[in-house]
Amino acid sequence: FPSHDSLGVMATYLGEDMYGMNVSHTGGNYMCDGVRMAAMTDFVIDENSYTYDQVDTLFKQYMGVTNNYITTDPLGDYIKHIDCWSKIVDVDKIVIASVSTSNPQYSEYEAMAAYWANEVTSWGNHYQVYRVYEPSGQPYSNGLLMNKKYFMPTTSSTPNSNDLAAMAVYQQALPGYQVIGIYSSSWVSTDALHCRIHYIVTGK
């Protein structure tokens, strides 16, 4: 994590106030809808000595989050980051990974898709859940949504059939956006593009 001093330098450079939320929280385990909702796995509880209610209170006080989803982790891996299996692409749209029925975590993925389909968005409707097939742990949800583009990690320098199918799902979920495949030989199911990108949002 960046040190307090380095964050202070950044705040000064940007001309912004700095607030001490006092929560250890990894960027790969955070998503928001841009309105008042945030989502993360219960790794945020593991990283801190807070209860669920205390985390909710801190996010409300410091970030204006009034609906904070703290979910289980269907991936069942060490990292427990929400960007390893899902992507919020709009206020009422979320992409959830799907896996083969032979995958030991299959039921957990299906339960998570059903969970989101029944939740209410910041707009008051239910989430539209899109599924993207990741048969070998492809990190399709671990991409970057920016400037009317979705930069999606691909597993081949020339997109293969799984890559193309995943890109088609994101194109359906993001009409008017450009879906761009980004290949790296170093992508893995627990570490891809979003995990390595940090972006700054100022109040200006």
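Structure's up top.
Because the structure is a prediction, the values reported are computed rather than measured.

A.B. asks: Explain the environment of Ile 45 here, please?
C.D. replies: Within the secondary structure, Ile 45 sits in helix α2 (residues 43-47). Judged by its relative accessible area of 16%, Ile 45 falls in the buried class. Taking the C-alpha atoms as reference points, Ile 45 and Ile 70, 25 residues apart in sequence, are found 8.8 Å from one another. Ignoring anything within four residues of it in the chain, the contact list for Ile 45 reads Tyr 50, Thr 51, Tyr 52, Val 55 and Ile 70.

A.B. asks: Would you take a moment to explain the sheet that holds strand β5 (residues 93-98) for this structure?
C.D. replies: One key point about sheets: their strands pair by backbone hydrogen bonds, in either a parallel or an antiparallel sense. Strand order in this open sheet of three strands is β4-β5-β6, and the pairing throughout is mixed. Every interior strand has two partners, whereas the edge strands, β4 (86-90) and β6 (128-133), have only one. The sheet shows a mean angle of 30° between the axes of neighbouring strands, taken without regard to direction. As paired elements, β4 and β5 share four bridges and run antiparallel to each other. Residue pairing for β5: Lys 87 is matched across the bridge by Val 95. Here helix α5 (residues 161-173) sits on the sheet and contacts β4, β5 and β6; the angle it forms with β6, its principal contact strand, is near 170°.

Criteria and cut-off values
Residues numbered from 1 in each chain as written. Predicted model: local features only at pLDDT ≥ 70, side-chain atom pairs only at ≥ 80, totals over all residues. Heavy atoms only, no water. Helix = DSSP H or I, 4+ residues; strand = E, 2+ residues; numbered from the N terminus. Buried < 20%, exposed > 50% of the residue type's maximum accessible area, 1.4 Å probe, protein only. Contact = heavy atoms within 4.5 Å. Pairing = 2+ DSSP bridges. Axes fitted to C-alpha atoms, helices over the stretch in contact; angles between N-to-C directions.

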